[in-house]
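Observations on the three-dimensional arrangement
In case you want the letters, here they are:
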Amino acid sequence: MYRWLIPAVDEGAAVLTANLRLARVLSDEYADAMLAAGKLAWTSPPIMPYRQWLAALLDSAAIPAPVRLSRAQTRVLWERCLIDELGESPPNLAALVRAAEDAWAIAAAFAVPPEELTSRAENRDQGVFARALRRYRSQLEDAGWIDDEQLASRVRRLLQRGELAVPKRLVVAGFDRIVPAQAALLAALGELGCSLDYREQQGASRIPVRACMDKEAEWRAAGAWARGRLLASPDERVAVVVTGLERNRDAVVRLVREGLLPGWQTDAAAARAAVNVSLGATLDSYPLIAVALLMLRWLSGSLSSRQLGVVLRSNSIGLERSDARARLELRLRDTASREWTLKRVLRVFERHAVEPDTEDFVTRLKSMGALLAERPARATPSAWAAAFDALLAAAGWPGEAALGSAEQQLVNRWRDLLNEFAELERVSGTQSLAEAAARIRQLAADAVFQPEDTGAVLSVLGPLEAAGLEFDALYVTGLDAGSWPPQSRPTPLIARSLRMQYQLPDATAEDTRAFSSAVLERLSGSAATVHGSYARNDGDSEQTVTALAAVIVDEATAVATAGDSGWYATQLRDRCAVEIVQPDRVPEVANDERVRGGAGTIDRQLREPFSAFASGRLGIRRVGAFTDGLTPLLRGNLLHEALFNLYSSRPSQEEIRAWLADGAIDKRLESACRRAVARHRIAAGETLERLFDFEERRMQKLLELVLELDCERPPFSIASVEGRDQGLVGGLALSLRHDRIDRSADGSLQIIDYKTGARKRFMAKGQPADYQLVVYAAMQKEAVSDLGLFNVDSRAVAIDGAGVHFGNSDDFAAGLGRWIETVADAAAEIRKGDVRINRALSAKDARGLALLSRYRELVRDAG
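Residues numbered from 1 in each chain as written. Predicted model: local features only at pLDDT ≥ 70, side-chain atom pairs only at ≥ 80, totals over all residues. Heavy atoms only, no water.

1. Considering the overall build of the protein chain
Helices and strands together make up the secondary structure of the protein chain, namely 34 helices and 28 strands. With the principal axes as the frame, the protein chain shows a C-alpha extent of 115 × 70 × 55 Å. Put simply, the protein chain has 863 residues, and 47% of those count as buried. The long-range fraction of contacts in the protein chain, counting pairs at least 24 apart against all pairs at least 6 apart in sequence, stands at 75%. Carbon together with sulfur atoms contributes 50% to the accessible area of the protein chain, which is approximately 42300 Å² in total. Charged side chains in the protein chain number 109 positive and 116 negative. The centres of these two groups are separated by 2 Å. (Helix = DSSP H or I, 4+ residues; strand = E, 2+ residues; numbered from the N terminus. Buried < 20%, exposed > 50% of the residue type's maximum accessible area, 1.4 Å probe, protein only. Contact = heavy atoms within 4.5 Å. Areas by Shrake-Rupley, 256 points an atom, 1.4 Å probe, with all protein chains shown as cover. Lys, Arg positive; Asp, Glu negative; His and termini not counted. Charge placed at Lys NZ, Arg CZ, Asp CG, Glu CD.)

This is the structure:
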């Protein structure tokens, strides 16, 4: 491959590429050739991307070169010019800047005179852009600066004035379109005696095109095709070109891997290394960088509960592993979401005991706060860059664990980003901490990063990224009429008449069609073997093969259907018989083993034994979602705590009646509710404080209704609130915590469980709907006369139960005995290691543990 490369370099040619990827590939190719020739050292060949070559040529001028601004620096200038032109900072400023940058890049590349952008503007937006461009160019000229768009014209003028050395030979590779600015520069070089060699892929051929059911099947089929090629010839250079890769990057890579390496999920790290994707992701989308940005955001403002949860879960801050921080994050999910400033979090830690491995985290937060206190209110970008580096180091970023190659490249790219931010000092003044942190976030959102290829066996590229590259075998996806030619996207900030006159990209449908045809023909000549495909269906739409490809499509194979390699698990089921040689039985509960969940675990056993095993023995719990406002769970917990505060003195019914007759009942209710909410008010913020005020008033009304209902009941006294019971049920040691136990006038016990949501029924079809109260009863050494659910909700405050006083008293004692036998049997099943799966459950009820129980496979296999 690239047979022209070695002779060209040996003859002293410089190689200009359209992109960095091609430059890296050619450099690696040259190095491989030198090693194959037995050389141990050699001069690096002059192979570089076009823009980098321009910058290097300009720097070699005998006269002082103008200061070349980075993209980040020019963005600051564009922001300033657009704000000056509009008279305000619009909310969509970032989008306006990107549109202006793109329009200026196209205008400069196609030599559109700036004055014509003004004189021929057809609407307000085009006029604003043209006037902002005039401001922008004036600032560049006044300061002696130059941007990337002006490089070609500046180099051409210096060459023509004899102020730059003219290269003897240039090889131009990988350009799908030579724009006028490039053509003018290359023509000037030719006139000055430079030999120009344009490398174009030759031998365009017909592409066999296959139809797939849908895009997912097509991407899997592409991976399967590559797998077949590599198994037959492991040394082949194989690539998959994906149309619209930028829109579906993650899904494409996942499904191509599924075809290439069936079952790749069992060794995800190796699978990731096997596939190299040309399209990088924005820097802020990588978890390591996202956490760093969150820490910097925290310094200047606050983090939401969800964002703080990310920080607590991250291994890139401080200790490599912190179980206590993970528990903190779980607790955070159970509280009302709020905004957390650094000071608020430290205030919470000051009021509560800190676990040993959380102490490291707290210490680091305090160090960050101390460093921040030493900083002035405003500083230059370079000063903030140094401060951010020091603050992140104090936070322990990027963590204790050894970094892999990709992570180390990420950290190095972050350092480069800090340097880019520091260089903004040239175009901007001092900034506040919030402004500096916001600018860093913007730079990270604009920067695209991709780790260098570390020997992947398959490359996945977009059609344009493949320009100039050569392969042994190439597979092109997305050859449907909707993708080729793509929908034209002319820049809206340049008048249509100018787009037509200067033949800008996508100015006409003919230009879009011609360019797409040229790209397809180039792809067809990029490898000795080229295959293609398209999806017959895209959602509800039927698709056909592109008419663009009529000259290169092999009509004989155009209707052949590509088989879908399918999901790996289904392949295993269909292709091989699985025999369990030795069942891996769940061991019995050990004598010193603690079964979690108490009565709730027994109740789960009766409905879904596997769920009882997962929660009671494995300790699995469903992680709650971060929710704004007061969640139903939190409101229920607050009401439980208020009821505990109200009845903690275990009053008799006569005392409760005296409370209601006492004029201080409102203060008693207010105190019970206030104490329940107090700890949740720490770092609450104004909005959450108001919500807690409303909740306190709501609870006071409910508690008063509870008191009134208790006064209407037959005589009783409260024997226990939030009490603990320990003992054996069915031979299983359990530790329980009941809500409340009352003692009736005859000395028997009434076991009560508070329910704070929609009204719950204790009995259903002659049996308890929930056996938790029965488990509590099984633990008691005294007679139990009643079991009841005390529904406490704005819609109803009532007791629903069974027994002598709570209704359904017929033969309650016999019924309770049978129920206790039922829970004893369930406890014995748990003790023996029962993990049966209830296939009668709905998919919704089984979803939480379906991955572990393989519920869907069991239901499907059962027919």
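Past the structure itself, the notes keep going.
2. Things to note about the environment of Gly532
Checked against the element boundaries, Gly532 lands in strand β18 (residues 527-538). Apart from the residues within four sequence positions on either side, Gly532 is in contact with Ile207, Pro208, Val209, Arg210, Tyr475, Val476 and Leu479.

3. As for the sheet that holds strand β5 (residues 169-173)
Pairing is parallel in the open sheet, where 4 strands are placed in the order β2-β1-β5-β6. Because the sheet does not close on itself, it has two edges, and the strands there are β2 (47-49) and β6 (195-199). Between one strand and the next, the sheet's axes are offset by a mean angle of 25°, whatever the strand orientation. Of the pairings in the sheet, the one linking β5 to β6 comprises 5 bridges and is parallel in character. Residue pairing across strands places Val172 opposite Tyr198, the latter belonging to β6. Sitting on the sheet, helix α3 (residues 50-59) touches β1 (14-17), β2 and β5, and the angle it makes with β2 is about 105°. (Pairing = 2+ DSSP bridges. Axes fitted to C-alpha atoms, helices over the stretch in contact; angles between N-to-C directions.)

4. Let's talk about the packing of helix α27 (residues 653-661) against helix α29 (residues 686-712)
Any two packed helices are characterised by the angle at which their axes cross and by the distance between the axes. Running from amino to carboxyl end, α27 crosses α29 at an angle of 135°, the nearest separation of the two axes being 9 Å. By the angle class used here, α27 and α29 are oblique. Considering how the two elements wind past one another, α27 and α29 form a crossing that is left-handed. The segment α27 lies against α29, with Gln653, Ile656, Arg657, Trp659 and Leu660 engaging Leu707, Glu708, Asp710 and Cys711. Grouping the amino acids of the contact of α27 with α29 by side-chain chemistry returns 5 nonpolar, 1 polar and 3 charged. (Parallel < 35°, antiparallel > 145°, perpendicular 65-115°, else oblique. Left-handed = near helix turned anticlockwise from the far one by under 90°. Nonpolar A, V, L, I, M, F, W, Y, C, P; charged D, E, K, R; others polar.)

5. Comments concerning a negative patch on the surface
On the surface, Asp666, Glu704, Glu708 and Glu712 cluster together into a negatively charged patch. If you tally residues by element for the negative patch, the top one is α29, at 3 residues. In this structure, Asp666 sits in helix α28 (residues 665-678). (Patch = residues over 30% accessible without salt bridge, like charges linked within 9 Å, V, L, I, M, F, W, Y side chains within 5 Å. Salt bridge = Lys/Arg side-chain N within 4 Å of Asp/Glu carboxyl O.)

6. Quick look at the sheet that holds strand β28 (residues 796-803)
If you trace the 5 strands from one edge of the open sheet to the other, you get β20-β23-β24-β27-β28, paired in mixed fashion. One side of each edge strand has no neighbouring strand; the edge strands of this open sheet are β20 (716-721) and β28. Strand-to-strand twist of the sheet, defined as the mean angle between neighbouring strand axes without regard to direction, takes the value 25°. Bridge count for β20 against strand β23 (residues 740-744) is 5 bridges, and the pairing is antiparallel. Within β23, the residue paired with Ile718 across the bridge is Asp742. Those strands touched by helix α30 (residues 772-779) are β24 (749-755) and β27 (784-793), and its axis lies near 140° from that of β27.

7. Quick notes on helix α7 (residues 124-143)
Compared with the 28 Å implied by 1.5 Å per residue over 20 residues, the 29 Å span of α7 between its first and last C-alpha is a close match. All of the buried residues in α7 are Gln126, Gly127, Val128, Phe129, Ala130, Ala132, Leu133, Tyr136 and Leu140. Contacts made by the buried residues of α7 are with α4 (71-86), α5 (93-109), α6 (114-119) and β4 (145-146). You can read the cap of α7 off the contacts: a side-chain oxygen lies 3.2 Å from the backbone nitrogen of Asp125, and it is on Asn123. (Expected span 1.5 Å × (residues − 1). Polar contact = N/O pair within 3.5 Å; in protein donor to acceptor, adjacent residues only side chain to side chain.)

8. Description of the environment of Ala224
Locating Ala224 in the fold gives a position in helix α10 (residues 215-232). Here Ala224 falls in the partly exposed class, since its relative accessible area comes to 29%. Separated by 414 residues in the primary sequence, Ala224 and Leu638 have C-alpha atoms spaced 56 Å apart.

9. What to know about a nonpolar patch on the surface
A cluster of nonpolar side chains, contributed by Leu618, Ile620 and Leu852, occupies part of the molecular surface with about 260 Å² of accessible area. For Ile620, the location among the structural elements is in the loop between α25 (609-617) and α26 (632-647).

10. Remarks on the pattern of salt bridges
Throughout the structure, instances matching the rule amount to 47 salt bridges. Put simply, Glu85 and Arg131 hold a salt bridge, and the shortest N to O gap is 2.6 Å. Taken as a pair, Glu85 in helix α4 and Arg131 in helix α7 lie far apart in primary sequence, 46 residues in all. One salt-bridge network, in which partners are shared between bridges, spans Glu11, Arg169, Asp197 and Arg199.

11. Observations regarding the packing of aromatic side chains
In the structure shown here, the tally under the stated rule is 14 aromatic pairs. Measuring from ring centre to ring centre gives 6.0 Å for Tyr50 and Phe175, while their planes differ by 90°; the resulting arrangement is edge-to-face. Of this pair, Tyr50 sits in helix α3 while Phe175 sits in the loop between β5 and α9 (180-191), and the two are 125 residues apart along the sequence. Among the residues examined, Tyr50 registers a relative accessible area of 10% and is labelled buried. Judged by relative accessible area, Phe175 falls into the partly exposed class, the value being 22%. Among the aromatic side chains, those forming a connected cluster through ring pairs are Tyr50, Trp53 and Phe175. The ring of Phe515 has Arg177 lying over it, and the distance from NZ or CZ to the ring centre is 4.4 Å. Sitting over the ring of Phe716, Arg713 keeps its end group 3.9 Å from the ring centre. (Phe/Tyr/Trp six-rings, centres within 6.5 Å; stacked < 30°, edge-to-face > 60°. Lys NZ or Arg CZ within 6 Å of the ring centre and 35° of its normal.)

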